[in-house]
Amino acid sequence: LGDDGVLYAVDKRTGRTFWARSLGLLSASSPAVVGNTVYATVLSRGNGSNSGRAFALNYKDGKTRWFRDLPSPSESSPLVDHGAVFFGSQDGTVYALNTRDGSVLWTYHAPGSVKASPTLAGGVLYFGDYSGHVQAVSEQTGRRLWMSGSEGAPLGSGTFYSTAAVAYGRVFLGNTDGRIYAYDASTGALDWAVQTGAYVYASPAVTNAPGLGGTIYLGSYDGTFYALNARSGQIAWKFGAHGRISGSATIVGRTVY
C-alpha cells in the first residue's frame, strides 16, 4: 500500500503486478492478509474528505468486499484475529470491526491519536497514543484493563508512534522523547526506560538471542541501532547506521535486519 493510497498485488517471484487498486489519496499503513481477504486503512479517502476509510478486499482481484468510512484519518496497520479486525485512528478511536461485513463490534477511545498498530497477546490489545499513554484493552470487549501515565521522571512528554512488542511479560515500545520503554504487561507499571537521545519511531523486535537471552532490537533517530536486555534495559551492543532509523527491525534466524 503506497503513500498515494494505491494497493498493489505483486508476484513475489517476478515483480509483475497482478492488480492495483486506488483506495484513497493518502495512506501510511501496511495491509493485512487473512485467508482470501486483504484488510487496509487509509488516511484520506478522497472526494473532498480528509477522513479515513477501512477496507476489506478480495485478494485475487482487489474488488471491495466491504468498506467503512471513518470520521478521522487512520495510519494504523490492521490486526486480524477471531473474526475481528483491529486498528486505531487519529481521533483516538480504536476499532474492532466484524471481518465479515465491517460492522462495529466495539470502539475504545484513547486520550490521544493512535497511529500504531495494536499488538495482541493473551486476549489483550496493547498500544501507545499521542498523549504519551500506553493502554491495554480486552480483545473481546474493548474494556480498558490499564493505562500508563506519562507524568513524572523518568517519563517524558513524548508521543508513542512505535507499535509495541509484547514478550517476557512486558510491553516494549519507543517514544518520540528518545526513550525505549518497558511496561509490565499485567499492570502497566514502568519496569525501565532507556534514553537514546532522539526520536524512537521504530517498532522493536524481540527474541531469545543465543548468548544474550531475551533481547530487544530497534533503531533511533540518533542513527544508532540498539540491542537491549529485555529484563534490565542494559545495552548489549549497538551499531552506528550513519543515518536516522525509522524502520522496524525483523529477525530471521540469527540475523536482525
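The structure under discussion appears in the preceding block.
Here the structure is a predicted model, which means the values were calculated and not measured. Note that residues are indexed from 1 along each chain, following the sequence as it is written. With the structure being a predicted model, the display of local features is reserved for residues of pLDDT at least 70 and the display and counting of side-chain atom pairs for 80 or more, all residues being used for whole-chain, interface and lining totals. Side-chain measures were taken over the full set of non-hydrogen atoms in the model, leaving aside hydrogen atoms and water.

## Thoughts on the pairing of strand 16 (residues 170-174)
Piece 1. Note on exposure labels: buried denotes an accessible area under 20% of the residue type's maximum, exposed denotes more than 50%, and partly exposed covers the range between, all computed with a 1.4 Å probe on protein chains only. What counts as a helix is a DSSP run of H or I of at least four residues, what counts as a strand is a run of E of at least two, and both are numbered from the N terminus. Burial of strand 16 is extensive: five of the five residues sit out of reach of the surface.
Piece 2. Neither face of strand 16 is exposed, since Arg170, Phe172 and Gly174 on one face and Val171 and Leu173 on the opposite face are all buried.
Piece 3. Direction of pairing for strand 15 (residues 165-167) relative to strand 16: antiparallel, over a ladder of three bridges. From the neighbouring strand, Val166 faces strand 16, where its bridge partner is Val171.
Piece 4. Here strand 15 hands over to strand 16 after two residues, with Tyr168 in that stretch at a positive phi of 55 degrees.
Piece 5. Judged from the five bridges that link them, strand 16 and strand 17 (residues 179-184) form a sheet pairing that is antiparallel. Within the sheet, the bridge partner assigned to Val171 lies in strand 17 and is Tyr183. DSSP calls a pair of strands paired once it identifies at least 2 bridges connecting them.

## Regarding the pattern of salt bridges
Side-chain pairing between opposite charges can occur once the charged atoms of the two side chains come close.
Piece 1. Here, a salt bridge means any side-chain nitrogen of Lys or Arg that lies within 4 Å of a carboxyl oxygen of Asp or Glu. Tallied over the full model, the rule gives seven salt bridges.
Piece 2. With a closest N to O distance of 3.8 Å, Asp11 and Arg13 form a salt bridge.
Piece 3. Note that Lys115 and Glu75 form a salt bridge whose closest N and O atoms lie 3.9 Å from each other. In this pair, Lys115 sits in the loop between strand 10 (104-109) and strand 11 (119-121) while Glu75 sits in the loop between strand 6 (64-69) and strand 7 (79-81), placing the two residues 40 residues apart along the sequence.

## Overview of the nonpolar core
Across soluble globular proteins, nonpolar side chains have a tendency to be buried as a group.
Piece 1. Formed by Val124, Tyr126, Val134, Ala136, Trp146, Phe160, Ala164, Val171, Leu173, Tyr181, Tyr183 and Ala185, the largest nonpolar core amounts to twelve residues.
Piece 2. Listed by contribution, the elements that provide at least two residues to this core are strand 12 (124-128), strand 13 (134-138), strand 16 and strand 17.
Piece 3. Here a residue-residue contact requires only that any non-hydrogen atoms of the pair lie within 4.5 Å. Beyond its immediate sequence surroundings of up to four residues, Val134 is in contact with Phe127, Gly128, Trp146, Met147, Ser148, Phe160, Leu173 and Tyr183. The criterion is simple. A nonpolar core is a set of buried Ala, Val, Leu, Ile, Met, Phe, Trp, Tyr and Cys residues joined through side-chain atoms within 4.5 Å.

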